[in-house]
Amino acid sequence: MDPIAVTTYDWMHTLLQAGVLNQEVESLLTEAGAFGISRQAIQASFKDPSWQFPQCSKAKARQLHRIFDEKRQSDQQPDKVKCSCAEALGVYGLLRFFLESAIADEPGLHSHMTSFRALCCVLDTSES
């Protein structure tokens, strides 16, 4: 990863739009495939109708699963996670819950989850 190419001047773009979160998720998903965790599994979980969202954001929140849709995958970079800052911020909590539930302390993914959890600490601090 070229730090200059992905660094901008505000935390949201640096972390959320083609930034650190995207890189972490791409790296984690690349390795997690061997453990049965795929984009399709994440998308299916996010499409589950039992998720309840606040009324003010319900319509947009119900579309967050599209971040992991095949249509957003690039032929040249199939592991790339493409989304806007708003989408990344909206999906962050769901994704964190999914990864903690699905992967937790899988020994083969320990270093990736440690890195992801460190990013979560940064995001949690940045949002406030």
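Use the structure listed above.
Worth saying up front: this structure is predicted, and the values here are computed from it rather than measured.

Novice: Quick rundown of the nonpolar core? Include the residues and the values.
Specialist: With 32 residues, the main nonpolar core has Leu21, Val25, Phe46, Phe68, Leu99 and Ile103 as its most contacted residues. Contributing elements (two or more residues each) for this core: helix 2 (11-16), helix 3 (20-32), helix 4 (39-47), helix 6 (85-102) and helix 7 (110-127). Those residues within four positions of Ile103 in sequence are excluded, and the remaining contacts are Leu28, Ala32, Ile37, Phe98, Leu109 and Met113.

Novice: Outline the pattern of salt bridges, listing residues and values.
Specialist: The full count for this structure, using the stated rule, is four salt bridges. For Asp124, the salt bridge identified is with Arg96, shortest N-O distance 2.6 Å. Taken as a pair, Asp124 in helix 7 and Arg96 in helix 6 lie far apart in primary sequence, 28 residues in all. Asp124 sits in the partly exposed class, given a relative accessible area of 35%. On the basis of relative accessible area, Arg96 is assigned to the partly exposed category, the value being 28%. The residue Asp105 makes a salt bridge to Arg117 at a minimum N-O spacing of 3.5 Å. Remark: Arg117 occurs in helix 7 and Asp105 occurs in the loop between helix 6 and helix 7; sequence separation between them is 12 residues.

Novice: Account for the environment of Leu95, naming residues and giving values.
Specialist: Relative to the helices and strands, Leu95 resides in helix 6. For Leu95, a relative accessible area of 3% puts it in the buried group. Each C-alpha atom, one on Leu95 and one on Lys80, is 16 Å from the other, the two residues being 15 residues apart in sequence. Apart from the residues lying within four places of it in its own chain, the contact partners of Leu95 are Val25, Ile42, Phe46 and Phe68.

Here is what the cut-offs are and how they apply
- Residues numbered from 1 in each chain as written.
- Predicted model: local features only at pLDDT ≥ 70, side-chain atom pairs only at ≥ 80, totals over all residues.
- Heavy atoms only, no water.
- Core = buried A, V, L, I, M, F, W, Y, C linked by side-chain atoms within 4.5 Å.
- Buried < 20%, exposed > 50% of the residue type's maximum accessible area, 1.4 Å probe, protein only.
- Helix = DSSP H or I, 4+ residues; strand = E, 2+ residues; numbered from the N terminus.
- Contact = heavy atoms within 4.5 Å.
- Salt bridge = Lys/Arg side-chain N within 4 Å of Asp/Glu carboxyl O.

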